[in-house]
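The chain contents come next:
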Amino acid sequence: GDQVEQSPSALSLHEGTGSALRCNFTTTMRAVQWFQQNSRGSLINLFYLASGTKENGRLKSTFNSKESYSTLHIRDAQLEDSGTYFCAAAGGNNKLTFGQGTVLSVIP
Amino acid sequence: GGIITQTPKFLIGQEGQKLTLKCQQNFNHDTMYWYRQDSGKGLRLIYYSITENDLQKGDLSEGYDASREKKSSFSLTVTSAQKNEMAVFLCASSPGQSGNTLYFGEGSRLIVV
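These numbers were taken from a predicted model, which means no experiment stands behind them.

**Q** Describe in detail the pairing of strand E1 (residues 4-7) of chain A, supporting the description with residues and values.
**A** Residue and element names in this part refer to chain A. What you see with E1 is a clean split: Val4 and Gln6 sit on the buried side and Glu5 and Ser7 on the side with no burial. The pairing of E1 with strand E3 (residues 19-25) spans four bridges and is classified as antiparallel. When the bridges of E3 are listed, serine 7 appears paired with arginine 22.

**Q** I'd like to hear about the interface of chain A and chain B, residue by residue, with values.
**A** Contacts between the two partners involve 18 residues from chain A, matched on the other side by 20 residues from chain B. Looking at the side of chain A that touches chain B, the elements that each hand over two or more residues are strand E4 (31-37), strand E5 (43-49), strand E9 (83-90) and strand E10 (96-98) of chain A. Broken down by element, the side of chain A that touches chain B gets its largest block of residues, three residues, from E5(A). Looking at the side of chain A that touches chain B, its residues break down into seven nonpolar, nine polar and two charged.

**Q** Help me get a handle on the sheet that holds strand E1 (residues 4-7) of chain B, residues and values and all.
**A** All names here are of chain B. One open sheet accounts for four strands, arranged E1-E3-E8-E7; its pairing is antiparallel. The open sheet terminates on both sides in strands that have one partner only, identified here as E1 and strand E7 (64-70). Taking the axes of each pair of neighbouring strands and ignoring which way they run, one obtains an average angle of 15° across the sheet. Two strands pair when backbone bridges link them, and strand E3 (residues 19-25) and strand E8 (residues 73-78) are joined in this way by four bridges, in the antiparallel orientation. Each residue of the ladder has a partner; that of leucine 21, found in E8, is leucine 76.

**Q** Describe the sheet that holds E3(A), listing the residues and the values that go with them.
**A** Residue and element names in this part refer to chain A. On the basis of which strands lie adjacent, the open sheet formed by five strands has the order E1-E3-E8-E7-E6 and antiparallel pairing. Among the strands making up the open sheet, the edge pair consists of E1 and strand E6 (52-56). Adjacent strand axes in the sheet meet at a mean angle of 15° when their direction is disregarded. Inspection of the sheet shows E6 paired to strand E7 (residues 59-64) by five bridges, in the antiparallel sense. Counted as the bridge partner of glycine 52 is phenylalanine 63 from E7.

**Q** Would you mind going over unusual backbone geometry in detail, with residue names and values included?
**A** Note on backbone geometry: most residues besides glycine have negative phi, and most peptide bonds are trans. In this chain, Ser7(A) is followed by Pro8(A) through a cis amide linkage whose omega measures -10°. Note the cis peptide between Thr7(B) and Pro8(B), where omega equals -10°. Position of Pro8(B) relative to the elements: it lies in the loop between E1 and strand E2 (10-13). Backbone geometry places Ser68(A), a non-glycine residue, at a positive phi of 60°. Within the element layout of this structure, Ser68(A) appears in the loop between E7 and strand E8 (69-74). We classify Ser68(A) as partly exposed; it has 16 C-beta atoms within 10 Å.

Reading the values: the criteria
Residues numbered from 1 in each chain as written. Chains lettered and ligands numbered in written order. Predicted model: local features only at pLDDT ≥ 70, side-chain atom pairs only at ≥ 80, totals over all residues. Buried ≥ 20, exposed ≤ 12 C-beta atoms within 10 Å, placed from the backbone. Helix = DSSP H or I, 4+ residues; strand = E, 2+ residues; numbered from the N terminus. Pairing = 2+ DSSP bridges. Contact = placed C-beta atoms within 7 Å. Nonpolar A, V, L, I, M, F, W, Y, C, P; charged D, E, K, R; others polar. Axes fitted to C-alpha atoms, helices over the stretch in contact; angles between N-to-C directions.

What follows is the structure, encoded as structure tokens:
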């Protein structure tokens with residue numbers, strides 16, 4: 001079936017720094033979504049992309065369907081950015097396949 | 001805006017028991033989903049439904065039943081609860097059928113004693 005490989009599995013950032021998360025897909029995907037799961041377990045929509053790049057505040061996401069990957073860039077990390085980040089990609093049917101998640105810890 | 005409401009937030013049952021989780025959405029979305037999330041892991045799709053009375057199996061449907069009684073509600077039944085089944089169950093909905101944005105409920109935690 002469709003596979004989504006997310007990396008890294010865990011990431012520590014000092015406040016004010018930045019980094020990138022990545023998802024690689026083993027098949028052609030039509031769209032990708034990025035979510036943040038907070039400490040209460042709620043999944044918050046960050047981005048939905050069918051192609052290209054979107055930016056929202058300190059977050060930016062890119063989806064390259066030809067090369068089968070998506071990235072989520074975080075800059076100027078804040079303590080409230082801590083949580084687990086998931087990518088999820090839609091293939092040729094209605095199903096979203098989720099990555100395994102990246103646990104982000106932002107350190108003062 | 002809209003909201004997805006999952007009930008109950010915590011469901012405690014005994015091994016072998018049949019247990020049901022409910023989900024309501026007021027977005028008027030066509031498609032609804034049930035996902036399971038085990039501790040520290042990603043989400044796996046159990047069932048989804050693209051319209052009222054429709055049911056489609058996901059990757060993890062064995063041991064579960066689902067029912068889309070009306071457009072706004074989608075229930076999930078664990079047919080015989082097992083201790084290795086303790087997880088958070090997340091309901092979601094999306095406007096259309098193909099890769100649209102998903103909106104999630106707050107989750108229901110299943111505890112099997």
